[in-house]
Amino acid sequence: MAATDVARQVGEGCRTVPLAGHVGFDSLPDQLVNKSVSQGFCFNILCVGETGLGKSTLMDTLFNTKFEGEPATHTQPGVQLRSNTYDLQESNVGLKLTIVSTVGFGDQINKEDSYKPIVEFIDAQFEAYLQEELKIRRVLHTYHDSRIHVCLYFIAPTGHSLKSLDLVTMKKLDSKVNIIPIIAKADAISKSELTKFKIKITSELVSNGVQIYQFPTDDESVAEINGTMNAHLPFAVIGSTEELKIGNKMMRARQYPWGTVQVENEAHCDFVKLREMLIRVNMEDLREQTHTRHYELYRRCKLEEMGFKDTDPDSKPFSLQETYEAKRNEFLGELQKKEEEMRQMFVQRVKEKEAELKEAEKELHEKFDRLKKLHQDEKKKLEDKKKSLDDEVNAFKQRKTAAELLQSQGSQAGGSQTLKRDKEKKNFF
Amino acid sequence: MDPLRRSPSPCSSSRPSSPSTPPCETLGPVGIEAVLDQLKIKAMKMGFEFNIMVVGQSGLGKSTMVNTLFKSKVWKSNPPGLGVPTPQTLQLHSVTHVIEEKGVKLKLTVTDTPGFGDQINNDKCWDPILGYINEQYERYLQEEILITRQRHIPDTRVHCCVYFVPPTGHCLRPLDIEFLQRLCRTVNVVPVIARADSLTMEEREAFRRRIQQNLRTHCIDVYPQKCFDEDINDKILNSKLRDRIPFAVVGADREHLVNGRCVLGRKTKWGIIEVENMAHCEFPLLRDLLIRSHLQDLKDITHNVHYENYRVIRLNESHLLPRGPGWVNLAPASPGQLTSPRPLKVCRGAHDDSEDEF
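Everything in this summary refers to the structure shown in the same document.

How each quantity is defined
- Residues numbered from 1 in each chain as written.
- Chains lettered and ligands numbered in written order.
- Predicted model: local features only at pLDDT ≥ 70, side-chain atom pairs only at ≥ 80, totals over all residues.
- Heavy atoms only, no water.
- Salt bridge = Lys/Arg side-chain N within 4 Å of Asp/Glu carboxyl O.
- Helix = DSSP H or I, 4+ residues; strand = E, 2+ residues; numbered from the N terminus.
- Buried < 20%, exposed > 50% of the residue type's maximum accessible area, 1.4 Å probe, protein only.
- Pairing = 2+ DSSP bridges.
- Polar contact = N/O pair within 3.5 Å; in protein donor to acceptor, adjacent residues only side chain to side chain.
- Contact = heavy atoms within 4.5 Å.

1. A few points about the pattern of salt bridges
Move 1: The full count for this structure, using the stated rule, is 45 salt bridges over all chains.
Move 2: Ionic pairing is found between Lys163(A) and Glu50(A), a salt bridge with its closest N-O pair at 2.9 Å. Here Lys163(A) is found in the loop between β5 (150–155) and α5 (164–173), whereas its partner Glu50(A) is found in the loop between β2 (41–48) and α3 (55–62), with 113 residues between them in sequence.
Move 3: Overall, Lys163(A) belongs to the partly exposed group, its relative accessible area being 31%.
Move 4: According to the relative accessible area criterion, Glu50(A) is buried, its value standing at 16%.
Move 5: Here Glu135(B) makes a salt bridge to Arg139(B), at a shortest N to O gap of 3.2 Å. One end of the pair is Glu135(B) and the other is Arg139(B), both in helix α3 (residues 127–144) and 4 residues apart, which spans about a single turn.
Move 6: On the accessibility criterion, Arg139(B) (28% relative accessible area) is partly exposed.
Move 7: Here the salt bridges share partners, and the residues they tie into one network are Glu205(B), Arg208(B), Arg209(B), Asp243(B), Arg244(B) and Glu282(B).

Here you go:
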């Protein structure tokens, strides 16, 4: 059995073959959907906006539930991101929803670096996914996808134009995530002001080259609705956690002395449009765009940065393994070099230490010799002294014996002498 | 900047009808279900792909079976007869067609293996087949690791391999056992008893039991694999299927009139064997398994298990292979060379701890 001969007949460019009966694969979309339902969906929203614009309230209203969390203060030293994950269930569909919001955005005096934590966060999520994808043993289908699918950018309702902070941040984010700008707290603007505001915002975005997310219009079933919605961007929304009885129904609304703003009333605000677009019509498209456009871009940049290329200068296709190997060898070579260096350093140090120790030894020996000599000198001196002392003692002894001899001789003659002396003494008295 | 990831605090459902709902009851439902429709639309637009491989000796009715399965002339069944010499080497033929039903487009690729098991010495006749399967995995891997990769990587990996067992009535032959052992580790294998009209019902049952016994003795894990059953429903459904595998099938592409109905069948002097009649043969079971209920599952297991296994081996061995341009051709892998991949047992729905190993 020699080599395989695979004759791939594509049949004149994949011709369509008519079916003679019911085969049954029209259940395929259902099979796919059932699989997805059992796996569950995940959706990650990033809310960027200044403190107090109603980000948390809007999320509560959008998903019709109360998410936990306290409102942030204005005294944050820097921009931070707070992320929470929730499991929502509607009929049999489970959704793992992650909401990330900025804390302290726009509160600092110097806002130059405000966008950086956000960009870093988004990149970190891409990085985590890339790491998982590049692993040798990976479990991508059970991996919890934490990449941000949509960024809701909250614009303050000044009524004039975008702030420069907004422009800068949106420009930095537009290549990394799908941005949907919304005008927050829209009940502060009147209708005529709102139209002018929207026009101003869109023109500013266009003139600054900010790519916001356009709802897809290529599929006929949603092209129409998406097309009209595209014209309404940015949406002016209101969020509310309070319910009021209006007419005979309970609905979410905000009550003012001069009237009540109903959240779900299309004439009052664009909340319904936002919910429609975000969740009911385009959730899947948002996820797909994130994966196929933003993530691929990140991946490409990252891999190129790491030194991988698809084709080398001779435009022969490079294999990833080759680059891996080359890098690996390079790395090993470096490691070896470093090892050598360290070894040499070690040897040198040892030598130095040895020399030092030898010197110390020599010194010690000298000291010892010196002390010994001193000791000997002392000993000699002492011996001399002893000798002289002995001589003296001997001399003394001799004198003593001589004296004694003399005494014994003189005691006979001296007896009378003593008497005489005694007499003299007596006579004296 | 540390995103605090709190453990998921389950929020109450947003169904307006249940009494324990939070806030507003008349605020419309959130609409998360709509994502299912979005998925469907996307899937229908993109179309589906399915690659099936049929393996078996010539004359077992493989081409007819494929035609019957997909109710179209996918293969012009050429009985190798007079004038056409039997191929000296095992050749693989692939044909791709696009079939459409109720708006669902399916790009079907059928790979046939004429010459399998036909030679006198059939030693290593599975090598070209394994090589072909691995080559498809290789192709996909190469596309996946490109820097600029396509939006949708064309999937040519073999999703299912239907193995035709000749209806001897005894048990699996050594060739069958060898082949099945090797293939079960790389691809989903569905064994079927071909030309089952030559066996009576009792013979079929006995043959089936013996084959199941053989499979168990040699630790051959055919599709649906027991270790991938996710929940209790799957288990029940799949154990029913496992009881009937291998299916005894008959293929036919001619129609005949039976009781006024037009049915696909084989006409013989002693009667007409209806292909779609459960009392006659188990073709409907095979068709349901392959197309109506488990097609997506076949694709998922190929992608999540077999392809991942291949990828692991490939990336681990990459430093052993010689350098070459772009595509590194993997020689038809003989199992002695490859360290047999551990099937990722708890791969679906539960976290795999095998990453710690690396």
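2. Quick notes on the pairing of strand β3 (residues 104–112) of chain B
Residues and elements named next belong to chain B.
Move 1: Among the 9 residues of β3, 7 are classified as buried, and the element is accordingly described as predominantly covered.
Move 2: Pairing between strand β1 (residues 48–55) and β3: 7 bridges, direction parallel. Pairing of Asn 51 across the sheet is with Thr 109, part of β3.
Move 3: Note that strand β2 (residues 91–101) and β3 share 9 bridges and pair antiparallel. Bridge pairing in β3 places Glu 100 opposite Lys 105.
Move 4: Where β2 folds back on β3, the antiparallel hairpin that results is connected by 2 residues, among which Lys 102 adopts a positive phi of roughly 50 degrees.

3. What about the side chain of Thr61(A)?
Move 1: With respect to the helices, strands and loops of the structure, Thr61(A) is situated in helix α3.
Move 2: A polar contact of 3.2 Å, which involves the side chain of Thr61(A), links it to the backbone nitrogen of Ser240(A).

4. Notes on the side chain of His159(B)
All names here are of chain B.
Move 1: Position of His 159 among the secondary structure elements: in the loop between α3 and β4 (160–165).
Move 2: Note on His 159: relative accessible area 0%, which makes it buried.
Move 3: In contact with His 159, not counting residues within four places along its chain, are Glu 49, Phe 50, Asn 51, Asn 188, Leu 298, Lys 299 and Thr 302.

5. Digging into unusual backbone geometry
Move 1: Leu233(A) connects to Pro234(A) through a cis peptide bond whose omega is -15 degrees.
Move 2: The amide bond that connects Tyr223(B) to the next residue, Pro224(B), takes the cis arrangement and shows omega of -5 degrees.
Move 3: On the secondary structure map, Pro224(B) appears in the loop between α5 (201–217) and α6 (232–244).
Move 4: Despite not being glycine, Lys102(B) shows a phi value in the positive range, around 50 degrees.
Move 5: Here Lys102(B) is to be found in the loop between β2 and β3.
Move 6: A positive phi angle is found at Cys219(B), which is not glycine, with a value near 55 degrees.
Move 7: Position of Cys219(B) relative to the elements: it lies in the loop between α5 and α6.
Move 8: Judged by its relative accessible area of 66%, Cys219(B) is exposed.

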